[in-house]
Amino acid sequence: DHYGPAGTIKAVPILQALDPSRYLASDFFRDKIVFVGVTSRPESSASPLDAFKTPFGPFVPSTEIHATIAANLLEERAVQRLSGWTEAILLVSLALLATLVFIYLRPLPGVAALFVLMFAAWVVAYLAFARAGTWIPVVIPAAIQLPTAYTVSLIWYYLTTVREREKIRRAFSFYLSPEMIKKIS
């Protein structure tokens, strides 16, 4: 679990670390784990040394990434996954529920429901991660399951509409001319 953008964890230049009595408080390193590494790039270099892209910024020094890992281990902070069964039940039930909702709605309200459900999936996943440290799969539901469920509902709507029109045509064919039936249906 990341603490924030580059610079969130305190970094001290090596010159100050080698002579802490001159540059730092007397107890600066007391009860601390120290990581040594490059935290900035030389002015002549176009890319950072020993740094990685993260969601928190273009480049985060590897020493800060290692310090984050150590802090997570010490604080017993870990991202939790749902159990396999819970994840499977969640994914299957979401797909079935979404399909039923889309079948119940007409195509245009179904599009609105599709976007609302996609947004809700991302919000639920974010809240589960931010508040409980639990990772919930969101790409599969948002990118695959919900659009597929909506497509299935469109096919269902089309087939039932065609079937209903055919019933109406047959029923009126006994009483109206074929030209009038075409106008009605």
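Just so you know, these numbers come straight off a predicted model, no measurement behind them.

Draft legend 1. Local environment of the environment of Lys182. As for its placement among the helices and strands, Lys182 is situated in helix H7 (residues 178–184). Through-space distance from the C-alpha of Lys182 to that of Arg169 is 8.1 Å; in sequence the pair is 13 residues apart.

Draft legend 2. Layout of the nonpolar core. With 7 residues, the main nonpolar core is built from Ala98, Phe102, Ala113, Leu114, Leu146, Ala149 and Tyr150. A per-element tally of this core places helix H6 (residues 139–173) first, with 3 residues. When residues no more than four places from it in sequence are discounted, the contact partners of Leu146 are Ala98, Phe102, Leu114, Leu117, Met118 and Pro141. Counting residues in each nonpolar core, the second largest holds 5 residues, with Ala121, Ala125, Ile136 and Val138 among its members.

Draft legend 3. Region of the structure containing helix H5 (residues 107–132). A rise of 1.5 Å per residue sets the reference length of H5, with its 26 residues, at 38 Å; its end C-alpha atoms lie 36 Å apart and thus fit the reference within 8%. Residues Gly110, Ala113, Leu114, Ala121, Ala125 and Ala128 constitute the buried set of H5. Where the residues of H5 are buried, they touch helix H4 (84–104), strand S4 (134–135) and H6. Two residues or fewer after H5 comes Gly133, characterised by a positive phi angle close to 65°.

Draft legend 4. Molecular detail of the packing of H4 against H6. Relative to each other, H4 and H6 sit at 35°, their axes nearing to 8 Å. The way H4 lies across H6 gives a crossing that is right-handed. In contact with Leu91, Val92, Leu94, Ala95, Ala98, Thr99, Phe102 and Ile103 of H4, H6 contributes Pro141, Gln145, Leu146, Ala149, Tyr150, Val152, Ser153 and Trp156. Split into classes, the residues belonging to the contact of H4 with H6 amount to 13 nonpolar, 3 polar and no charged.

Draft legend 5. Structural detail: the packing of aromatic side chains. Taken as a whole and assessed by the stated rule, the structure comprises 2 aromatic pairs. Ring centres of Phe28 and Phe29 lie 5.1 Å apart, and the angle between their planes is 85°; on these two criteria the pair is classed as edge-to-face. Residue Phe29 is classed as partly exposed on the basis of its relative accessible area, which comes to 28%. Ring centres 5.6 Å apart and planes at 90° place the aromatic pair Phe102 and Tyr150 in the edge-to-face group. Of this pair, Phe102 sits in helix H4 while Tyr150 sits in helix H6, and the two are 48 residues apart along the sequence. A residue is classified by how much of its surface remains accessible, and Tyr150, at 11% relative accessible area, is buried.

Draft legend 6. Structural view of the pattern of salt bridges. On inspection of all chains with the given rule, the structure shows 4 salt bridges. Note that Lys167 is salt-bridged to Glu164, the shortest N-O span being 3.9 Å. Residue Lys167 and its partner Glu164 are located together in helix H6, separated by 3 residues, close to a single helical turn. For Lys167, a relative accessible area of 44% corresponds to the partly exposed category.

Reading the values: rules and limits
Residues numbered from 1 in each chain as written. Predicted model: local features only at pLDDT ≥ 70, side-chain atom pairs only at ≥ 80, totals over all residues. Heavy atoms only, no water. Helix = DSSP H or I, 4+ residues; strand = E, 2+ residues; numbered from the N terminus. Core = buried A, V, L, I, M, F, W, Y, C linked by side-chain atoms within 4.5 Å. Buried < 20%, exposed > 50% of the residue type's maximum accessible area, 1.4 Å probe, protein only. Contact = heavy atoms within 4.5 Å. Expected span 1.5 Å × (residues − 1). Axes fitted to C-alpha atoms, helices over the stretch in contact; angles between N-to-C directions. Left-handed = near helix turned anticlockwise from the far one by under 90°. Nonpolar A, V, L, I, M, F, W, Y, C, P; charged D, E, K, R; others polar. Phe/Tyr/Trp six-rings, centres within 6.5 Å; stacked < 30°, edge-to-face > 60°. Salt bridge = Lys/Arg side-chain N within 4 Å of Asp/Glu carboxyl O.

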